[in-house]
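Coordinate inspection notes
Spelled out, the chains give:
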Amino acid sequence: NYHPFYISNSIGGGRLQNTEEERANETVYAGFDELGQATGVGRLCQLEETESSETTRQNCGDLQTYIDTLETPASCNSGEPGTLVWTPDENTPDLVYYQCATHLNLGWKITVVDAVPAETEFDNCIPLHETLQLFWRVDNDNSNVRFRLCGCQSTDSNTNQYMGFGLSGSASSTQMFGADPTIAWV
């Protein structure tokens, strides 16, 4: 029930269970402070499966139906939601990984780019939020999907929240493992 989130150059993650030598060979970009304490932590809130959601899952029903039939527990563990803020710089490698600090292989890739070329034309657009639109284009050889998130941050401090979107790690289902997510603060 303890899953500190962090970003590093380790494809396997699990920093808290790694040996001292493994930790010395890992570069952490976010989620741990200079004393080695996990900072990407928050309270645990778990949705509980109902008989209806279990049936949907077992019959490979659609994800939205499954989510809609989960039960929200009466309360979450005490504490506040966690926040991890990270800004890549010119020294950040092109490929880093988001990981769980207590478990191996519970994360995936983040591809860091300097910028999407301004001349890139985007074939698709969808509103994601009242102030944001997502544009995307699949390259002709299907090797890359380029995204551009356009809009403005809300000025109402009561509406600030995270929004995530991405590509599934599976060609046939919605799956987090192997996925390419993007997280934005709106």
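Up top is the structure.
The structure reproduced in this document is the subject of the present report.

Definitions and cut-offs
Residues numbered from 1 in each chain as written. Predicted model: local features only at pLDDT ≥ 70, side-chain atom pairs only at ≥ 80, totals over all residues. Heavy atoms only, no water. Phe/Tyr/Trp six-rings, centres within 6.5 Å; stacked < 30°, edge-to-face > 60°. Helix = DSSP H or I, 4+ residues; strand = E, 2+ residues; numbered from the N terminus. Buried < 20%, exposed > 50% of the residue type's maximum accessible area, 1.4 Å probe, protein only. Pairing = 2+ DSSP bridges. Axes fitted to C-alpha atoms, helices over the stretch in contact; angles between N-to-C directions.

With the rule as written, the count across this model stands at three aromatic pairs. The interplanar angle of 45° and the centroid separation of 6.3 Å between the aromatic rings of Tyr29 and Trp86 together place this pair among those described as tilted. Within this pair, whereas Tyr29 is found in strand β2 (residues 28-30), its partner Trp86 is found in the loop between α3 (63-68) and β3 (95-100), the two being separated by 57 residues in sequence. Note on Tyr29: relative accessible area 25%, which makes it partly exposed.

This part is about unusual backbone geometry. With a phi close to 60°, Asn105 is a non-glycine residue in the positive phi region. Mapped onto the elements of the fold, Asn105 is located in the loop between β3 and β4 (108-111).

On the basis of which strands lie adjacent, the open sheet formed by four strands has the order β2-β1-β3-β4 and antiparallel pairing. In the strand order of this sheet, the two ends are held by β2 and β4, each with one partner. Taking the axes of each pair of neighbouring strands and ignoring which way they run, one obtains an average angle of 40° across the sheet. Bridge count between strand β1 (residues 5-8) and β2: two bridges; the pairing is antiparallel. Paired with Ser8 across the strands is Val28, a residue of β2.

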